[in-house]
Amino acid sequence: EDLNILMNQGAVAMSSQNFDLALESFNALITLAPEMAEAWNKRATLYFMMQNFEASVADVQKTLSLEPRHFGAIVGMGLIYERLGDQKAALRAFEQGLKINPHMEHIREKTEKLGQELQDRNI
């Protein structure tokens with residue numbers, strides 16, 4: 001029950017852009033349940049929102065070490081790559097995420113657009 005409270009508190013704080021409370025909640029959650037992949041993924045998302053991409057990448061990597069098929073984390077890595085200007089790596093991550101969950105229409109559209117942009121640059 002404590003884990004659910006911390007997860008909910010962190011998610012609500014993050015959506016309200018109360019990053020300090022969200023970070024406190026997710027840190028506590030990770031301390032209590034270090035093998036909970038979703039705790040790491042939520043903190044990775046928070047770090048992304050805070051534009052702390054290095055910390056976000058580290059938490060995505062931890063998420064994927066615990067749950068290699070976590071398509072949200074894989075797509076999240078693609079968003080980080082995209083923000084850092086590495087479109088090829090972003091495209092690979094989006095394609096990998098779609099292999100696991102082909103029902104992410106917004107990611108499919110992003111993948112098609114990014115693929116076309118990269119192809120147009122190489123012509």
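Before reading on, note that the structure itself is shown above.
Computed from a predicted structure; not experimentally measured.

Cut-offs used in this document
Residues numbered from 1 in each chain as written. Predicted model: local features only at pLDDT ≥ 70, side-chain atom pairs only at ≥ 80, totals over all residues. Heavy atoms only, no water. Helix = DSSP H or I, 4+ residues; strand = E, 2+ residues; numbered from the N terminus. Buried < 20%, exposed > 50% of the residue type's maximum accessible area, 1.4 Å probe, protein only. Contact = heavy atoms within 4.5 Å. Polar contact = N/O pair within 3.5 Å; in protein donor to acceptor, adjacent residues only side chain to side chain. 1 Å grid on protein atoms, 1.4 Å probe; cavity = no way out; pocket = protein on both sides within 12 Å on 5 of 7 lines; lining within 4 Å. Points joined across faces, edges and corners; volume = space filled by probe spheres on them. Nonpolar A, V, L, I, M, F, W, Y, C, P; charged D, E, K, R; others polar.

Trainee: Looking at this structure, I do not really get the overall build of the chain. What am I missing?
Mentor: In terms of regular secondary structure, the chain is built from seven helices and zero strands. Sequence-ordered secondary structure for the chain, helices as α and strands as β, is α-α-α-α-α-α-α. Its C-alpha atoms put the chain at 55 × 25 × 20 Å along the principal axes. Looking at the chain as a whole, 39% of its 123 residues are labelled buried.

Trainee: Is there a simple way to explain the environment of His-70 in this structure?
Mentor: Mapped onto the elements, His-70 comes out in the loop between helix H4 (53–66) and helix H5 (71–83). Separated by ten residues in sequence, His-70 and Val-60 place their C-alpha atoms 9.5 Å apart. Once residues lying within four places of it in the same chain are set aside, the contact partners of His-70 are Glu-38, Asn-41, Thr-63 and Leu-64. A polar contact is formed between the side chain of His-70 and the side chain of Glu-38, at a distance of 2.7 Å.

Trainee: Can you help me understand the layout of surface pockets in this one?
Mentor: It is the rolling of a water-molecule-sized probe over the atoms that shows where space remains empty. Roughly 170 Å³ of volume is contained in the largest pocket. Residue lining of the largest pocket: Asn-41, Ala-44, Thr-45, Phe-48, Met-49, Ser-56, Val-60, Gly-72, Gly-76, Leu-79 and Ile-80, and that is the complete set. Taken together, the elements giving at least two residues each to the lining of the largest pocket come down to helix H3 (37–49), H4 and H5. Across the lining of the largest pocket, the residue classes break down as six nonpolar, five polar and no charged.

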